[in-house]
Amino acid sequence: MSKVTQIRQPYPTSVTIIAILNIIMGIILLLGGIAFIAAGIILSSLPSSALEDESLAADYSVIDDFSEIPPSLIVGGPIAIGSVMVAIGIVSFIVAYGLLKGMGWAWTVTIVLSIISIALSVIAIATVHALVWLGTGIILPAETINPSPPPPPFGAISIIIISSVIIYYLYRPNVKAYFGKAAARTDATPAT
């Protein structure tokens, strides 16, 4: 008869690297989230007539006319996005702490967040390609679009690569064992 027991494995170096990546992403998300919230607050202080002014839209080739977008979306959108970014940034710090302490929940949360990041990046790449390549004029004016596909968004590709590396390292046998996600087998000789 063999027993399956949980034995604490030595601390893998890759866990430190993954925790540092989580801290860096947390800082970036916090700063970006604060910038989005600040933009929403600044937009909310503008009179509603400023958001409907076509001369404001003339400075940007991204959207032809801001007057078709509801002011609540222009103001609330950045605040909502910023709030989510700040929340995920804070979670990144908590997860990094859990990774460094070898807590099993941190392993699980990191895997889930990495899979979500990959999925969102794939959706972002597909959306950008569809909007630009089909020439809807939402991102670029239709007359500037040629029939070849746009260059890939390197930010989204970087997120896919980093998240894939994180998942790969978290599924290494020694890392899984460190987080208690893989049982270490001990061969015990049965007493006869």
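What am I meant to see in the environment of Leu21 here?
Structurally, Leu21 is set in helix α1 (residues 13–45). With 142 residues separating them in the primary sequence, Leu21 and Ser163 have C-alpha atoms 9.9 Å apart. When neighbours within four sequence positions are excluded, Leu21 is seen to be in contact with Ile162 and Ile166.

Sorry, what's going on with the packing of aromatic side chains here?
Each aromatic ring pair is described using two quantities: the centre-to-centre distance and the angle formed by the ring planes. Across all of its chains, the model carries four aromatic pairs by this definition. Centroid distance Tyr11 to Tyr178: 5.3 Å. Interplanar angle 85 degrees. Geometry classified as edge-to-face. Taken as a pair, Tyr11 in the loop between β1 (3–5) and α1 and Tyr178 in helix α7 (residues 173–178) lie far apart in primary sequence, 167 residues in all. Take Tyr11: its relative accessible area is 38%, and that puts it in the partly exposed class. Given a relative accessible area of 6%, Tyr178 falls into the buried group. Ring geometry for Trp107 versus Tyr171: centroids 5.2 Å apart, planes at 70 degrees, classification edge-to-face. One end of the pair, Trp107, is in helix α5 (residues 104–133); the other, Tyr171, is in the loop between α6 (154–170) and α7, with 64 residues separating them in the sequence. The buried category is assigned to Trp107, whose relative accessible area is 8%. Classification of Tyr171 as partly exposed rests on a relative accessible area of 43%. In this structure an aromatic cluster arises from ring pairing among Tyr11, Tyr178 and Phe179.

Is there a simple way to think about the side chain of Thr110 in this case?
Of note, Thr110 is situated in helix α5. From its side chain, Thr110 meets the backbone oxygen of Ala106 in a polar contact 2.7 Å long. Excluding residues that lie within four positions of it along the chain, Thr110 makes contacts with Ile18, Asn22, Val95, Leu99, Ile166 and Leu170.

It is not clear to me how the nonpolar core should be interpreted in this structure. Could you clarify?
Within soluble globular proteins, side chains that are nonpolar tend to cluster in buried spots. Of all hydrophobic cores here, the largest spans 15 residues; its most connected members are Val15, Leu99, Leu170 and Phe179. Mapped by element, the contributors of at least two residues to this core are α1, α4 (71–101), α5, α6 and α7. Here Leu99 is in contact with Val15, Ile18, Ala19, Asn22, Ala106, Trp107, Thr110, Leu170, Tyr178 and Phe179, once residues within four sequence places are set aside.

Before we go on, may I ask you to explain the environment of Ser114 in this structure?
A residue is classified by how much of its surface remains accessible, and Ser114, at 4% relative accessible area, is buried. Residues Ser114 and Ile160 lie 46 residues apart in sequence; the distance between their C-alpha atoms is 8.4 Å. Excluding residues within four positions of it along the chain, Ser114 makes contact with Ser163, Ile166 and Ile167.

Help me understand the confidence of the model for the protein in this model?
Detailed reading of predicted coordinates is not advised where the pLDDT is low. Of all residues in the protein, 61% attain a pLDDT of 70 or more, and the chain-wide mean is 73. Element-level pLDDT for the protein is lowest in helix α3 (residues 54–58), with a mean of 48, against a maximum mean of 89 in α7. Within the model, pLDDT remains below 50 along residues 55–65, and this stretch shows 16 contacts once partners closer than five positions in the same chain are excluded.

Which parts of the structure should I look at to understand the layout of surface pockets?
The rolling of a water-molecule-sized probe over the atoms marks out the regions of remaining empty space. Within this model, the largest pocket holds a volume of roughly 730 Å³. Lining the largest pocket are 26 residues, and of these Met25, Leu29, Ile88, Ser117 and Ile159 lie nearest its centre. Secondary-structure elements contributing two or more residues to the lining of the largest pocket are α1, α4, α5 and α6. Ranked by residue count, the leading element in the lining of the largest pocket is α5, at nine residues. When the residues that make up the lining of the largest pocket are grouped by side-chain class, the tally is 18 nonpolar, eight polar and no charged.

Rules used throughout
- Residues numbered from 1 in each chain as written.
- Predicted model: local features only at pLDDT ≥ 70, side-chain atom pairs only at ≥ 80, totals over all residues.
- Heavy atoms only, no water.
- Helix = DSSP H or I, 4+ residues; strand = E, 2+ residues; numbered from the N terminus.
- Contact = heavy atoms within 4.5 Å.
- Phe/Tyr/Trp six-rings, centres within 6.5 Å; stacked < 30°, edge-to-face > 60°.
- Buried < 20%, exposed > 50% of the residue type's maximum accessible area, 1.4 Å probe, protein only.
- Polar contact = N/O pair within 3.5 Å; in protein donor to acceptor, adjacent residues only side chain to side chain.
- Core = buried A, V, L, I, M, F, W, Y, C linked by side-chain atoms within 4.5 Å.
- pLDDT = per-residue confidence, 0-100.
- 1 Å grid on protein atoms, 1.4 Å probe; cavity = no way out; pocket = protein on both sides within 12 Å on 5 of 7 lines; lining within 4 Å.
- Points joined across faces, edges and corners; volume = space filled by probe spheres on them.
- Nonpolar A, V, L, I, M, F, W, Y, C, P; charged D, E, K, R; others polar.

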